[in-house]
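Chains, contacts and geometry: an overview
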Amino acid sequence: MASSIKKSSPWLFIGGLLLLFVLSILHLYQGQADYTIRTLMTEVWYEGNVQNIVLGLRLPRVIIGILSGGALAVAGVLLQTLTKNPLASPSTLGINSGAYLLTVIAMVFFPQYIGDYPFVISFLGAGLSAVLLIALVGRVMEPVRVALTGMIVALLFSSITGAVQLLFENETNGLFLWGSGTLIQLDWSGVKFSIFFILIGFIIALVLGKSLDLLSLGDDLATSLGQSVNRVKAFAWFTAILLSAVTVSVVGPIGFIGLMAPHLVRLMGIQGHKLLILHSFLWGANLLVAADVLAMWIQPGQEIPVGAMTALIGAPWLMYLAYKTGKRQTRGESRLGSSLLPISYRWILFGLFGLTIMIILVSVSYGAGSFFTFQDWLDKSFNSPFVMQFRIPRILTAFLVGMLLATSGLFIQAVLRNPLADPSVLGITSGGGAGALIFLVLFPAVSIQFLPIAAMIGSSISITIILVLSWKTQWQPILLALMGVAVSAFGSAIIQILIVKANIGVAPALAWLAGSTYAKGWEELKLAGIVALITIPLSILFIKKFDVISFGDEVAEGLGVNIIMTRLLAIMLGVCMGAVSVSIVGTVGFIGLLAPHAARRMVGFEHGKAIPVSLFLGGILLTSADLIGRIVLAPKEIPSGLVVALIGTPYLLYLLRKI
């Protein structure tokens, strides 16, 4: 077998080189300037427009695509070996997100350094992500937990990045396309800057080849064979961070190349890290250049982020790998965790009701426009057109949407017995966002009243894909979360492409993607109220069934509960509530995760008590997030979805360590 691999390896490499040559020619042919291949081949040798365009714009773009794709692929090989995790790559472990975050922060607060030291800043951000990942996971690199922890770290950094971009719109103007990953090059400076670092990283990786072969056998065996495991790991981490950081500094955070290329090479039968690194560099370059060719072919004359294209291709790949890895995990039959507060249920409800009234009063009273005292409330607040037309409907809409998201999360957690279930974690939110945006872009003349239906279709497709693929594992919690991350990445890629295609303003797009209660009026309140009045009372029908299901399927069936029908109806209601919420306030996440968990910690497992408490907590969370977003940096606003995400991602990491 080994000899056949060695014999076929040169032919595979030659075939990869020929494919890269063809893709490069196709890439040079594409662009806004419409030239035939014959024109390019004949006139590129002479001074003129063709030579200037090809040598000054198109060729640097091809070369940076080759270098960046190869660098990301090699980084993926190193990270997969270091973490013993087939799901590892610079994007799935959050390393790209860390590099991008620090770059954005430097552009806002230290603009004098970003021009001179872009690589150093990216490297520090990527290193921060890696250190945080290792600290959270610990020395035992359990594969699925590593992947999920890395994805949560990426989500946290992405939330912070989005907040910085919105708050400092002028300073970060033009970063949306680059932040989505693009190979645009205006000259050869990006190639000249990156080629040295990428070649150094590539050479170090090749030198580490034999050591990585030993390391893949296990730390104990490698140590017994005389290898300095810690030294090899340090060099490998350094190299992976180096390669990831330099690509982010020149082309932005491009994902999934580091995931797909190494697996593609392994499927070809290539073994041994030296050959694996060599072939991965080549096929990583092929994948990235091909994605850019595809992007320009789909939308000629308009730039589509290549990072979005790699996500469209890579998300299904991630789902496949997550399924293969996650199905080996055993499904715990423990009930959803809880602990009771030493306070009676009535006093808890009374306290939450009082807190709700207080939050609403403070929210209506305070804003960038003015602050109303209690006396003002008595005298004139309800007579103010500003309050009646803007603040009151906005705040009540936020409260109702928070209730819907909390109920959606509780329903899904109950029927799947999954502590990680939530509309955002399971892709319902991003699927609904993609469905809503597709509707707005493709059918601009159709009434906006159909938007919730479009969002519901997108959310339904997302959750159906996840549930069908994870059915054989009986919806194992971590596998569901991994599937949800993959579906969310796919939905986010569609959203990015549509935003660029439709020329939607960057600030409104970022605000909608983050989830914003800004400028919500009486029409949105009416929609949220109607859905809440229909769906929330239906929760009463599920209370006893949820209590029984929490003991396990066999017990529930023995007590006469139709498990399949209950799950189907509960998930349909959850999807409906999540999709309508997306159509109103955008992609707000984590309310459906935080509120049910907090409710169980207050009143225990009994759903007759947990549901009302979750409703109050969901409304309070989103209304409070809206208030915080309005007052922290007034007159600027932080989208309420970002405020919730900054709270929710650390809590999700905490839950991950508990299950």
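See the structure printed just above.
Residues numbered from 1 in each chain as written. Predicted model: local features only at pLDDT ≥ 70, side-chain atom pairs only at ≥ 80, totals over all residues. Heavy atoms only, no water.

A separate point is the overall build of the protein chain. In terms of regular secondary structure, the protein chain is built from 29 helices and 0 strands. The burial tally for the protein chain puts 57% of its 659 residues in the buried class. When contacts within the protein chain are restricted to residue pairs at least 6 apart in sequence, long-range pairs at least 24 apart make up 80% of them. Split by element, the accessible area of the protein chain, about 28,000 Å² in all, is 69% carbon and sulfur. (Helix = DSSP H or I, 4+ residues; strand = E, 2+ residues; numbered from the N terminus. Buried < 20%, exposed > 50% of the residue type's maximum accessible area, 1.4 Å probe, protein only. Contact = heavy atoms within 4.5 Å. Areas by Shrake-Rupley, 256 points an atom, 1.4 Å probe, with all protein chains shown as cover.)

Another aspect to go through is helix H19 (residues 428–442). In a regular helix each residue adds 1.5 Å, so 15 residues correspond to 21 Å; H19 covers 21 Å between its end C-alpha atoms and thus fits that length. The element H19 is extensively covered by neighbouring structure, given that 11 of its 15 residues are classed as buried. (Expected span 1.5 Å × (residues − 1).)

This brings us to the packing of helix H4 (residues 95–109) against helix H12 (residues 229–251). It is at 9 Å that the axes of H4 and H12 come closest, and there the two elements cross at 50°. Comparing the axis directions of H4 and H12 gives the class oblique. You can see that H4 and H12 cross each other, and the crossing is right-handed. Contacts between H4 and H12 involve Ile 95, Asn 96, Ala 99 and Tyr 100 on the former and, on the latter, Trp 237, Ser 244 and Val 248. (Axes fitted to C-alpha atoms, helices over the stretch in contact; angles between N-to-C directions. Parallel < 35°, antiparallel > 145°, perpendicular 65-115°, else oblique. Left-handed = near helix turned anticlockwise from the far one by under 90°.)

With that settled, the discussion passes to helix H23 (residues 522–535). The end-to-end C-alpha distance of H23, which contains 14 residues, comes to 20 Å, matching closely the 20 Å that a straight helix rising 1.5 Å per residue would cover. Every buried residue of H23 is accounted for by Leu 525, Ala 528, Gly 529, Val 531, Ala 532 and Thr 535.

This part covers a nonpolar patch on the surface. The grouping of Ile 438, Leu 442, Phe 443, Val 446, Phe 450, Ile 453, Ile 457, Ile 461, Ile 465 and Leu 469 at the surface amounts to a nonpolar patch, some 870 Å² of accessible area in total. Of all the secondary structure elements, the ones that give two or more residues to the nonpolar patch are H19 and helix H20 (451–469). Top element by residues in the nonpolar patch is H20. It accounts for 5 residues. Mapped onto the elements of the fold, Leu 442 is located in helix H19. (Patch = residues over 30% accessible without salt bridge, like charges linked within 9 Å, V, L, I, M, F, W, Y side chains within 5 Å. Salt bridge = Lys/Arg side-chain N within 4 Å of Asp/Glu carboxyl O.)

Moving on, we get to the packing of helix H9 (residues 189–207) against H12. Here H9 crosses H12 at 165°, and the two axes come no closer than 9 Å. In terms of axis orientation, H9 runs roughly antiparallel to H12. Classified by chirality, the crossing of H12 by H9 is left-handed. Together, Gly 190, Phe 193, Ser 194, Phe 197, Ile 198, Gly 201, Phe 202, Ile 204 and Ala 205 of H9 and Thr 239, Leu 242, Leu 243, Val 246, Ser 249 and Val 250 of H12 make up the contact between the two elements. Residue composition of the contact of H9 with H12, grouped by class: 10 nonpolar, 5 polar and no charged. (Nonpolar A, V, L, I, M, F, W, Y, C, P; charged D, E, K, R; others polar.)

With that settled, consider the pattern of salt bridges. Per the counting criterion, the structure on display carries 4 salt bridges. With a shortest N-O distance of 2.8 Å, Asp 292 and Arg 61 are connected by a salt bridge. Of this pair, Asp 292 sits in helix H14 (residues 273–298) while Arg 61 sits in helix H3 (residues 49–83), and the two are 231 residues apart along the sequence. Each member of the pair, Asp 292 as well as Arg 61, is classed as buried. Across the pair Asp 626 and Arg 394 runs a salt bridge, and its minimum N-O distance is 2.8 Å. Remark: Arg 394 occurs in helix H18 (residues 385–416) and Asp 626 occurs in helix H28 (residues 607–631); sequence separation between them is 232 residues. Asp 626 gets classed as buried once you look at its relative accessible area, which sits at 2%.

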